[in-house]
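# Analysis of the macromolecular model
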Amino acid sequence: MVEKSFEDINGKIKRGDAVVLTADEMVDYVQEHGVEKAAKDVDVVTTGTFGAMCSSGCFLNFGHSDPPIKMEKLWLNDVEAYHGNAAVDAYLGVTKMSESHPFEYGGGHVIEDLLLGKSIELRAEAYGTDCYPRTHLKTSITLDDLNQAILCNPRNAYQRYSCATNSTKRAIYTYMGKLLPEFENATFSGAGQLSPLQKDHALETIGVGTRIFLGGGKGYVIGEGTQHNPVSLFSTLFVTGDLKQMCADFLKGATFTKYGTTMFVGLGIPIPVLNERIAKNCGLKDSEILTDIVDYGIPRRNRPNLGRVSYEQLKSGMISINGKEVRVRPLSSFAKAKEVAGILKGWIQRGEFLLTKPVDRISTTTKCKPMKPEEGISFVKELFKDALTCQLEDDLESVAKLIVANNEDHVVVVDDHLILQGILTSFDITKAVAYSKRKVSEIVTRKVVSVTPEETIYELIGKLKKYNISAMPVVDNNGKVLGIVSADMLVKDLAPKPKGDVAGGKAAKKEKK
């Protein structure tokens, strides 16, 4: 039984005789020599990942101006930073977008520009106090001008990401990139067998105080990350480090089309091989690391799960979804992840980087809780009402009477089985009278935008705006009309629902759940 300590391994590092392998190399070593020999021979395994980490940012201290200012609002290159701290402290988040160039430039780009030595415009406003009388400020700064610049990332190094795809008939734009309609592509992130939290998923060696590679410099784990969910194999880490010791090669601002801005972060963690159990985990290969294929076309908290897939399959470039071969591409860089692991390996071999024993463990039993239900209406099924209906062969006079009797503006056209055929508005009826039309079939709008009960209010609003319409039939997956929802219903209390047949018209009833 192999048992080592942090002190044993650090002693070897100081003497220059520690055996250090990257996570990729460890996989091969375990395959060739077995777990027991790997545990005995290898002292440290270096990991690496390089991907978009949206929950990242930095604390900045600008120093005091003369006369001094207590900043209330401030912008760096037109990107607003958060001020809720002392007078000239601020936090710049990577997803905050430029007010003049949104979706093109954001907080992550400002951080990268600071690291590149570029001059950044600082603009600030304040309400003025006796001790901080200044109310406006405009100047330029560089990284060297700042007293402190502390990278502080509340959620990094996700243990794994779901593979994202899209079942709908339109392209969608997400934090997993552009997803083409009807499973035409899929995307994924994470470094697989190089990923830090895949190599120590039990968090035996990674904890509060662990020294890490962060953004090209040295940083530390300071606790569990936000949305830390180890029970579901979605562990995360809260990390920090001195931005002034980092470099733009490993902190890069980025944009996701029609989604927003972010920053790619290079992060690596050394795993001390203390025993055979850790050696076995460090030997996990891409074929043994699984994740879920998730349908991002359904904008719900719990999206449909379409199956499981290994990182080996993901890295092959093709996966199977419901029997269809689908192209898949990574959003993170394996080449940069390998570079991170390689640099960290070099630091340790040269004695420039010692391992730190955690001062406290990170929980392995935390469950991530959902947000409490909000007040008000969230889904179409909570809002829609019964629809007035007619059929294609109906005469327009009876439809006009139906509209007048119920004080409604829309009538949904259906067949004998309540399958959607079209829609009529009160204005259509007016035009019909002007042009001496007699039958519904002569004036009906056939191309109808509809909505399902499970769609969100936000999707409903989006459709109303996109197609410049005032109402939509609510249908099930087979096109059967269940009711109707209108723009008026979004700004009023729930409208009264007609009951039964009204003035000779048929009413599609909201189904009871």
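Heads up: these notes are all about the structure in this document. (Residues numbered from 1 in each chain as written. Predicted model: local features only at pLDDT ≥ 70, side-chain atom pairs only at ≥ 80, totals over all residues. Heavy atoms only, no water.)

### Observations regarding the pairing of strand β27 (residues 420–425)
Note that strand β26 (residues 410–414) and β27 share five bridges and pair antiparallel. The residue of β27 that forms the bridge with Val412 is Ile423. The turn linking β26 back onto β27 is made up of five residues, and Leu418 within it adopts a positive phi angle of 65°. (Pairing = 2+ DSSP bridges. Helix = DSSP H or I, 4+ residues; strand = E, 2+ residues; numbered from the N terminus.)

### With respect to the nonpolar core
Counting residues in hydrophobic clusters, the biggest one holds 94 residues, and the most contacted among them are Met26, Phe62, Leu76 and Leu243. By residue number, the principal contributor to this core is helix α8 (residues 334–349), which donates six residues. Ignoring any residue separated from it by four or fewer positions in sequence, one finds Met26 in contact with Leu21, Ala38, Val42, Val45, Val273, Ala279, Cys282 and Gly283. Grouped together as the second largest cluster of nonpolar side chains are 15 residues, Leu388, Leu392, Leu402 and Val411 included. (Core = buried A, V, L, I, M, F, W, Y, C linked by side-chain atoms within 4.5 Å. Buried < 20%, exposed > 50% of the residue type's maximum accessible area, 1.4 Å probe, protein only. Contact = heavy atoms within 4.5 Å.)

### Points about helix α2 (residues 23–33)
Residues of α2 that are buried include every one of Ala23, Asp24, Met26, Val27, Tyr29 and Val30, and no others. The inward-facing, buried residues of α2 contact β1 (20–22), α3 (35–41), β2 (44–46), α5 (196–199), α6 (276–282) and α8. Just beyond α2, the residue with positive phi is Gly34, at close to 90°.

### Here we look at the sheet that holds strand β5 (residues 73–76)
Within the open sheet, the four strands sit side by side as β6-β5-β8-β9. Their pairing is antiparallel. At either end of the open sheet lies a strand with only one pairing partner, and these are β6 (79–81) and β9 (136–141). Shown here is a sheet whose adjacent strand axes are inclined to one another by a mean of 25°, direction ignored. Where β5 and β6 come together, three bridges link them in antiparallel fashion. If you follow Leu74 over to β6, its bridge partner there is Ala81. The strands touched by helix α4 (residues 107–115) are β5, β6 and β8 (120–125); relative to β8, the strand with the most contacts, the crossing angle is about 125°. (Axes fitted to C-alpha atoms, helices over the stretch in contact; angles between N-to-C directions.)

### So, the environment of Gly297
Position of Gly297 among the secondary structure elements: in the loop between β21 (290–295) and β22 (305–310). For Gly297, a relative accessible area of 12% corresponds to the buried category. Those residues in contact with Gly297, other than ones at most four positions away along the chain, are Thr165, Asn166, Thr168 and Ile172.

### Section: the pattern of salt bridges
The full count for this structure, using the stated rule, is 24 salt bridges. The shortest N-O distance in the salt bridge between Asp24 and Lys338 comes to 2.4 Å. Taken together, the positions of Asp24 in helix α2 and Lys338 in helix α8 put the pair 314 residues apart, joining distant regions of the chain. Residue Glu121 pairs with Lys138 through a salt bridge whose shortest N-O separation is 3.7 Å. Pair noted here: Glu121 is in strand β8 and Lys138 is in strand β9, with a separation of 17 residues, a long-range link. By relative accessible area, which is 32% here, Glu121 ends up partly exposed. Three or more residues are tied together by salt bridges with common partners; here these are Lys4, Lys12 and Asp43. (Salt bridge = Lys/Arg side-chain N within 4 Å of Asp/Glu carboxyl O.)

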